[in-house]
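In case you want the letters, here they are:
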Amino acid sequence: MSNKEWPLWEVFIRSKQGLNHKHVGSLRAPDATLALDNARDVYTRRSEGISIWVVESNYIHASDPSDADSFFEPSDTKVYRHPTFYDVPDGIKHM
Amino acid sequence: MKNEALYNYVLHLGDDSLILGQRLGEWCGHGPILEEDIAMTNISLDLIGQAMSLLDYAGEIDGQGKDHDALAFLRFEHEYRNVLLLEQPNGDFANTMMRQFLFDAFRKPLYEQLVASKDVQISAIAEKSLKETKYHLKHSSEWIIRLGDGTEESHNRVQNALDHLWRYTDELFSESDLDQSLVDAGIVPSMSEIKIQWAETVRSVLEEATLMIPTNNWQFEGGRRGVHSEHLGFLLADLQYMQRAYPNMTW
Amino acid sequence: MKPMDLQELEKRFQEKIDKEIKIEPNDWMPDEYRKTLIRQISQHAHSEIVGMLPEGNWITRAPNLRRKAVLLAKVQDEAGHGLYLYSSVETLGADREETIDDLHSGKAKYSSIFNYPAVTWADIGTIGWLVDGAAIMNQVALCRCSYGPYARGMVKICKEESFHQRQGFESLVTLCNGTPTQKAMAQDAMNRFWWPALMMFGPSDDESPNSAQSMKWKIKRFSNDELRQSFVDATVPQAEILGLTIPDPNLKWNEETGHYDFSPINWDEFWQVVNGNGPCNKERIEARTKAKEEGMWVREAAMAYAEKRALKKTA
């Protein structure tokens, strides 16, 4: 029977114009249309959004947490990518 | 002197919302899946909200100081003006969705026309309610299509629901002699226009759902004049229980 | 790279917990941590869903339209909260439908409070005030749970639930300022719900075997007895404002401890209700099982339609 179960969808909501869609949770739905309906009913009951994205959870690929060291740490040492790395004389403004 | 025609009309709008909202509330906690439980409750909440605005306005026209609660809870059965369709029991999910769809397909064009009403209050309520109703119609149409074109079982269930409920659809468009004065005054639309739009929506959705409109077109009516089915009494027994058992108290 | 041994993994895991770093779904975690969370979060989810039933049975009979709308919105929130929690369980690799089957078979538990009947309208206010009050006490503590998805779910739920307790209290204020009949109805509800509400915090600390490990893993932040005491301390003054009597002759302020003393809880009753012998256990499970079974053809139909559509697209 479990093969008849509705797939899981991840829900992303834009809370207002000018902001990114943000992951808010998941739900079950048989297809994209009803996933959007359900997301509207489940996740925007208190005017939380003006736009919804849904994506079937199956289609999300995640980085492997056990690779986190090699994936993310190398950028920690590239401090020269941040403006605070550089000294500018006191008199300079707006740089 | 109160405008009897307007009072009756607003009352029937309010009662339609109230009775369907009450019926949908029965599903809360018992839906076929959590997501749909939440969806049906949302529709119920919209309808209860509409009933409050409409019955408040009816009370205002009546001019006897009655608010939405006095009208919702303290009338006798024959004083309710909802159509028979809406007081029919929920039955299974197919029956509930078919009842919802047949009504939504009617309510949407009606509200669209009422937005243009010369009565500013009706126009304002219709404008707000139209937004809600558009979504209701979208949602119920989606379900009718899925049930109709889903499995054999769902197809049979929803076809049975259609066969059963079809007899209550003509009443949606019934007009009393009183209504005519409102049509003439540009306060409410003529039902013939609404029916054309309803028939088109129903035809296209049922076609996509692979459902057949029943050939037997024998129709029932009565709700609009206060002659109801046996089901309304039980619905009111629940709805009115507190107000009848504990009269004159504030809750 | 050589694979880390289990001990090392567990040590690193505990270090993360101690540093208040949240655990996320794909992170390594001890099996027992995962199991404990699945059990606890699904119990919590089931409680939300079963909790819809006692209140839901008053939706059609709410005394006015405002209260009807409020109650609908509240019960609907509970469905939403159940859903958020089932989503959290799914991040741990447990399947929502399977956890629900465990509920229906009696294998999984839910909060025992929902096995008590809601027999009068005052029960609805009282459930909002006492039951949601107790639940919030628990849930606020869980917002800092070490498992990310659960903690985030709790934050959302706490935000939404803040109206639940208030609407209950407001409803009781109306009854307590109303007619003698209404006041008596409120007192009667209080008499029936007080002790079951205190039982909601679970067995006392010395009877709660999993507590120590859960505290170490920061799944739990406070013990059952601590939370129960906070609840009593917060609730007694509220009952005084309502003018309701708490059904406990031994309830009194203790200057020394700075807390209220109260009578021992009837643990026999607690365990009986937990183990299926409460007034409504049978009805609750039957109602949920019926909803699932009667919804089966609906879920299948929607799935069948989606599959047909997908085929048409690729054809």
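Everything discussed here concerns the structure shown above.
Keep in mind the model is a prediction, meaning the values are calculated, not measured.

Conventions adopted
Residues numbered from 1 in each chain as written. Chains lettered and ligands numbered in written order. Predicted model: local features only at pLDDT ≥ 70, side-chain atom pairs only at ≥ 80, totals over all residues. Heavy atoms only, no water. Contact = heavy atoms within 4.5 Å. Buried area = accessible area lost by both parts, 1.4 Å probe. Salt bridge = Lys/Arg side-chain N within 4 Å of Asp/Glu carboxyl O. Polar contact = N/O pair within 3.5 Å; in protein donor to acceptor, adjacent residues only side chain to side chain. Helix = DSSP H or I, 4+ residues; strand = E, 2+ residues; numbered from the N terminus. Nonpolar A, V, L, I, M, F, W, Y, C, P; charged D, E, K, R; others polar. Pairing = 2+ DSSP bridges. Axes fitted to C-alpha atoms, helices over the stretch in contact; angles between N-to-C directions. Phe/Tyr/Trp six-rings, centres within 6.5 Å; stacked < 30°, edge-to-face > 60°. Buried < 20%, exposed > 50% of the residue type's maximum accessible area, 1.4 Å probe, protein only. Parallel < 35°, antiparallel > 145°, perpendicular 65-115°, else oblique. Left-handed = near helix turned anticlockwise from the far one by under 90°. Expected span 1.5 Å × (residues − 1). Arc of directions from axis to C-beta. Patch = residues over 30% accessible without salt bridge, like charges linked within 9 Å, V, L, I, M, F, W, Y side chains within 5 Å. Areas by Shrake-Rupley, 256 points an atom, 1.4 Å probe, with all protein chains shown as cover. Core = buried A, V, L, I, M, F, W, Y, C linked by side-chain atoms within 4.5 Å.

Engineer: Is there a simple way to explain the interface of chain C and chain B in this structure?
Structural biologist: For interface size, the figure often reported is the accessible area lost on association. Each side of the interface is counted separately: chain C has 46 residues, and chain B has 47 residues. Its largest share of buried area at the contact with chain B, chain C owes to Leu65(C), Trp297(C) and Tyr305(C), together 20% of the area lost on that side. Applying the counting criterion to the chain C and chain B interface returns three salt bridges. Notably, a salt bridge pairs Glu35(B) with Arg96(C), separated by 2.7 Å at the nearest N-O pair. Seen at the junction of chain C and chain B, the total is 14 residue pairs in polar contact (both at pLDDT 80 or more). Among the secondary structure elements, those contributing two or more residues to the side of chain C that touches chain B are helix 3 (52–56), helix 4 (65–90), helix 7 (148–176), helix 8 (180–199) and helix 12 (281–314) of chain C. Here the side of chain C that touches chain B is built from residues that sort into 26 nonpolar, 10 polar and 10 charged.

Engineer: What is the right way to look at the sheet that holds strand 2 (residues 21–28) of chain A in this model?
Structural biologist: Consider a sheet: its strands pair through backbone hydrogen bonds, and that pairing is either parallel or antiparallel. Residues and elements named next belong to chain A. Pairing is antiparallel across the open sheet formed by three strands, whose spatial order is 2-1-3. With partners counted over all chains shown, the strands left at the sheet margins are strand 2 and strand 3 (51–56), one partner each. Recorded for the sheet is a direction-independent mean angle of 25 degrees between the axes of neighbouring strands. As judged from the seven bridges shared by strand 1 (residues 8–14) and strand 2, these two strands associate in the antiparallel manner. From the neighbouring strand, Glu 10 faces strand 2, where its bridge partner is Ser 26.

Engineer: Honestly, the interface of chain A and chain C in this entry has me stumped. Any pointers?
Structural biologist: Between chain A and chain C, the residue contacts involve 19 residues of the former and 23 residues of the latter. Summing the contributions of chain A and of chain C, the shared interface buries around 1,800 Å²; its carbon and sulfur component is 54%. As a salt-bridge pair, Arg28(A) and Glu90(C) come within 2.2 Å of each other at their nearest N and O atoms. Viewed at the interface, chain C and chain A are joined by seven residue pairs in polar contact (both at pLDDT 80 or more). When contributions to the side of chain A that touches chain C are tallied by element, the ones reaching two or more residues are strand 2 and helix 1 (32–43) of chain A. Top contributing element to the side of chain A that touches chain C by residue count: strand 2 of chain A, with four residues. Tallied by class, residues from the side of chain A that touches chain C come to 11 nonpolar, one polar and seven charged.

Engineer: Explanation requested: the packing of aromatic side chains in the structure shown.
Structural biologist: Two aromatic rings are characterised by how far apart their centres lie and by the angle between their planes. For the structure shown, the criterion picks out 24 aromatic pairs over all chains. Ring geometry for Tyr80(A) against Phe85(A): centres 6.3 Å apart, planes inclined by 80 degrees, an arrangement best described as edge-to-face. Ring plane angle 75 degrees and centroid distance 4.8 Å describe the contact between Phe13(C) and Tyr33(C), whose orientation is recorded as edge-to-face. Of this pair, Phe13(C) sits in helix 1 (residues 6–18) while Tyr33(C) sits in helix 2 (residues 31–50), placing them 20 residues apart in sequence. With relative accessibility at 3%, the residue Phe13(C) sits in the buried group.

Engineer: Quick question: what am I supposed to make of the packing of helix 4 of chain C against helix 6 (residues 121–142) of chain C here?
Structural biologist: Helix packing geometry: the angle between the two helix axes and the distance between the axes. Residue and element names in this part refer to chain C. Between helix 4 and helix 6, the shortest axis-to-axis distance is 13 Å and the interhelical angle comes to 45 degrees. By the criterion of interaxial angle, the relationship of helix 4 to helix 6 is oblique. Note on packing geometry: the crossing formed by helix 4 with helix 6 is left-handed. Across the interface between the two elements, Arg 67, Leu 71, Lys 74 and Glu 78 from helix 4 touch Trp 121, Ile 124, Gly 128 and Asp 132 from helix 6. Looking at the contact of helix 4 with helix 6 residue by residue, the classes come out as three nonpolar, one polar and four charged.

Engineer: Just to check I follow, could you spell out helix 7 (residues 152–165) of chain B for this structure?
Structural biologist: Each α-helix winds once per 3.6 residues, and so residues spaced three or four apart point in a common direction. Helix length check: helix 7 of chain B, at 14 residues, gives a terminal C-alpha distance of 20 Å against a target of 20 Å (1.5 Å per residue), a fit within 8%. Considered for burial, the residues of helix 7 of chain B that qualify are Ser154(B), Val158(B), Gln159(B), Ala161(B), Leu162(B) and Leu165(B). Angularly, the buried residues of helix 7 of chain B cover 155 degrees about the axis, an arc narrow enough to put them on a single face. For helix 7 of chain B, the exposed residues set more than 90 degrees away from the buried face come down to Glu152(B) and Asn160(B). Where helix 7 of chain B is buried, its residues touch helix 4 (84–87), helix 5 (93–114), helix 6 (120–148) and helix 9 (191–208) of chain B together with helix 12 of chain C.

Engineer: Please explain a nonpolar patch on the surface as it appears in this structure.
Structural biologist: Where nonpolar side chains cluster on the molecular surface, the patch consists of Val79(A), Tyr80(A), Phe85(A) and Tyr86(A) and spans about 410 Å² of accessible area. Judged by relative accessible area, Tyr80(A) falls into the partly exposed class, the value being 43%.

Engineer: Would you take a moment to explain the nonpolar core for this structure?
Structural biologist: Nonpolar side chains in soluble globular proteins tend to be buried together. Counting residues in each nonpolar core, the largest one holds 189 residues, and the members touching the most others are Met98(B), Phe101(B), Leu102(B), Ile144(B), Tyr33(C) and Tyr147(C). Here the element with the most residues in this core is helix 2 (residues 34–62) of chain B; it accounts for 14 residues. Discounting residues that sit within four places of it in the chain, Tyr147(C) has contacts with Ile23(C), Glu24(C), Pro25(C), Met29(C), Tyr33(C), Leu37(C), Ile41(C), Ser88(C), Thr91(C) and Leu92(C).

By themselves, these figures tell us nothing about what the structure is for.
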